[in-house]
Structure formats: structure tokens, C-alpha cells
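Residue-level listing of the chains:
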Amino acid sequence: MSQAQQIKISDKIQGVIEKDFDNKVIGRRELSLKLYHIGTGTPSRNEIKKAVSELLNTKEDLIVVRKIFTSYGAGISTARVHVYTNKETLEKYEPKHLLTRGTSTKKEGEQGGEKGSK
């Protein structure tokens, strides 16, 4: 068994690639990461995207963080990440809400977090 590949998210957050599956039918790489963030919060999707893109030498816009699972109080998370080879395949297989999640773009009609006052 080969040693798991290390990934550095930030100064306090380290990770290990547990599973790395090359899905040739769809044209993507499917990763399962275990993230260790003891004493800090769960890393953001953008932090994970940036670290994976640096590790794999790919563009950040070809990476989708599907899910981040964090157990309560553990400081350990598991993330599922898909890395695509081109933008067309990414848009074909990934849901649109995941493509905009974690970005600062707002939909038409949204407001900046204010609730109606009585």
C-alpha cells in the first residue's frame, strides 16, 4: 500500500488524500480528503479549492467541492472533491447550485442579509 499524499490547506490545517479515483468515463478525478483542523473552524470551499489546484497544477474553476462532512467537536472533516479536465464536462455533470456555492456573486433580488423590521 502506498503512502497517502499530504495536502496543506493553511498554516493550521493539514489534509490527506484518502481516495483518488480517475473516472475516465466522465473525465474527472474524484478525491476524498481527510482534513485535520483541530482548534480552528472547518476550512472553506475556496481554501480547499486553492490547495487542491496548487497540489494538482489545475485551474481552480475546474474544481468542485461536493461536500464537507464535519463531526461535532472533532476538528476532523472529510471532503469530497471533483477535479474536471474541461469546463464543458464540469457544467454538464455538476449541479448549478454547487458551481455558485462559495462565490460572492448574489442572485437577482437578494439583499445583504437584512431582515424585514416590524
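Residues numbered from 1 in each chain as written. Predicted model: local features only at pLDDT ≥ 70, side-chain atom pairs only at ≥ 80, totals over all residues. Heavy atoms only, no water.

### Focus on the nonpolar core
In step 1: The biggest cluster of nonpolar side chains holds 16 residues, and the ones touching the most others in it are L31, L33, I48, V52, V81 and V83.
In step 2: Elements with a minimum of two residues in this core: β3 (28-36), α1 (45-56), β4 (63-70) and β5 (76-84).
In step 3: At 4 residues, the largest contribution of residues to this core is made by α1. (Core = buried A, V, L, I, M, F, W, Y, C linked by side-chain atoms within 4.5 Å. Buried < 20%, exposed > 50% of the residue type's maximum accessible area, 1.4 Å probe, protein only. Helix = DSSP H or I, 4+ residues; strand = E, 2+ residues; numbered from the N terminus.)

### With respect to the environment of T40
In step 1: By secondary structure assignment, the location of T40 is in the loop between β3 and α1.
In step 2: On the accessibility criterion, T40 (28% relative accessible area) is partly exposed.
In step 3: Each C-alpha atom, one on T40 and one on K12, is 7.5 Å from the other, the two residues being 28 residues apart in sequence.
In step 4: In this structure, T40 is in contact with K12 and I13, ignoring residues within four places of it in sequence. (Contact = heavy atoms within 4.5 Å.)

### Some words on α1
In step 1: An ideal rise of 1.5 Å per residue puts 16 Å on 12 residues; α1 measures up with 16 Å between its terminal C-alpha atoms.
In step 2: For α1, the elements touching its buried residues are β1 (5-8), β3, β4 and β5.
In step 3: With its phi angle positive at about 55°, N57 sits one or two positions after the end of α1. (Expected span 1.5 Å × (residues − 1).)

### A few points about the pairing of β5
In step 1: Looking at chain direction, β3 and β5 are connected through 9 bridges and run antiparallel. Of the residues in β5, the one forming a bridge with Y36 is I76.
In step 2: Inspection of the sheet shows β4 paired to β5 by 7 bridges, in the antiparallel sense. Pairing of F69 across the sheet is with T78, part of β5.
In step 3: Counting the residues in the hairpin turn of β4 and β5 gives 5 residues, including G73, whose phi is positive at 75°. (Pairing = 2+ DSSP bridges.)

These values are about where atoms sit, not about what they do.
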